[in-house]
Amino acid sequence: NPQAKVMFVGEAPGRDEDIEGLPFVGRSGKLLDRMIAAIGLDRSKAYIANVIPWRPPGNRTPTPQETQVCLPFIQRHIELVNPDVLVTLGNPSTQALLGTREGIMRTRGKWIDYDTGTRTIRAVATFHPAY
């Protein structure tokens, strides 16, 4: 939903996502659906994306170089969707988007300002559903 007030950003597509061409449709996606349902939302009220739009070979963690190459694209997604809340899912998306070097265990649950250049969005990090 490009008019969503909440945006979730993960790391990269997995096998199921690669096959279907949609983010978070596999086992992690089903858990994410249950997680967002617990706060009164569903996919129709959220925007879901990944920092890296392709599946890394062997489903490995994206390299810092891959993340940096794709960063302007996800930043533009965030700017266009213009959500009120940005939720980063897992360490790679949290470190890339929120500019932190701390691990997800220390970062999760803390509100951080995300600056789009035109406004500040409240952002919060949490575990990736695959974790």
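Calculation rules
- Residues numbered from 1 in each chain as written.
- Predicted model: local features only at pLDDT ≥ 70, side-chain atom pairs only at ≥ 80, totals over all residues.
- Heavy atoms only, no water.
- Helix = DSSP H or I, 4+ residues; strand = E, 2+ residues; numbered from the N terminus.
- Rg over C-alpha atoms; globule rule 2.2 N^0.38 Å.
- Buried < 20%, exposed > 50% of the residue type's maximum accessible area, 1.4 Å probe, protein only.
- Contact = heavy atoms within 4.5 Å.
- Areas by Shrake-Rupley, 256 points an atom, 1.4 Å probe, with all protein chains shown as cover.
- Lys, Arg positive; Asp, Glu negative; His and termini not counted.
- Charge placed at Lys NZ, Arg CZ, Asp CG, Glu CD.
- Expected span 1.5 Å × (residues − 1).
- Arc of directions from axis to C-beta.
- 1 Å grid on protein atoms, 1.4 Å probe; cavity = no way out; pocket = protein on both sides within 12 Å on 5 of 7 lines; lining within 4 Å.
- Points joined across faces, edges and corners; volume = space filled by probe spheres on them.
- Nonpolar A, V, L, I, M, F, W, Y, C, P; charged D, E, K, R; others polar.

A. View of the overall build of the chain. Check the secondary structure of the chain and you find 5 helices and 5 strands. Starting at the N terminus and ending at the C terminus, the chain contains elements arranged as β-α-α-β-α-β-α-α-β-β. Relative to the globule expectation of 14 Å for 131 residues, the C-alpha radius of gyration of the chain, 14 Å, shows essentially globular dimensions. Seen through its C-alpha atoms, the chain measures out along the principal axes to roughly 35 × 35 × 30 Å. Relative to its full complement of 131 residues, the chain shows a buried share of 44%. If you take every contact in the chain between residues at least 6 apart in sequence, the share linking residues at least 24 apart comes to 65%. Just so you have it, the chain exposes about 7400 Å², and 53% of that area is on carbon and sulfur atoms. Charged side chains of the chain number 16 positive and 13 negative; the gap between the two group centres comes to 4 Å.

B. Up close: helix α2 (residues 27–38). With 12 residues, α2 should reach 16 Å at 1.5 Å per residue; the first-to-last C-alpha distance of 17 Å fits that figure. Those residues of α2 that sit buried are Ser-28, Gly-29, Leu-32 and Ile-36. The buried residues of α2 all sit within an arc of 95° when viewed along its axis, so they share a single face. Among the exposed residues of α2, those pointing more than 90 degrees away from its buried face are Arg-27, Arg-34 and Ala-38. Buried residues in α2 make contact with β1 (6–10), β2 (46–50) and β3 (85–89). Within two residues after α2, Gly-40 carries a phi angle of roughly 80°, on the positive side.

C. Local environment of the layout of surface pockets. What the largest pocket holds in volume is close to 510 Å³. In this structure, the largest pocket is lined by 23 residues; those nearest its centre are Gly-14, Ser-28, Asn-59, His-128 and Ala-130. When the residues that make up the lining of the largest pocket are grouped by side-chain class, the tally is 8 nonpolar, 9 polar and 6 charged. Empty space within the second largest pocket amounts to approximately 270 Å³. Around the second largest pocket, the lining comprises 19 residues; the ones closest to its centre are Pro-13, Ala-49, Asn-50, Ile-52 and Pro-53. Those elements giving two or more residues to the lining of the second largest pocket turn out to be α1 (15–20), β2 and α3 (64–81).

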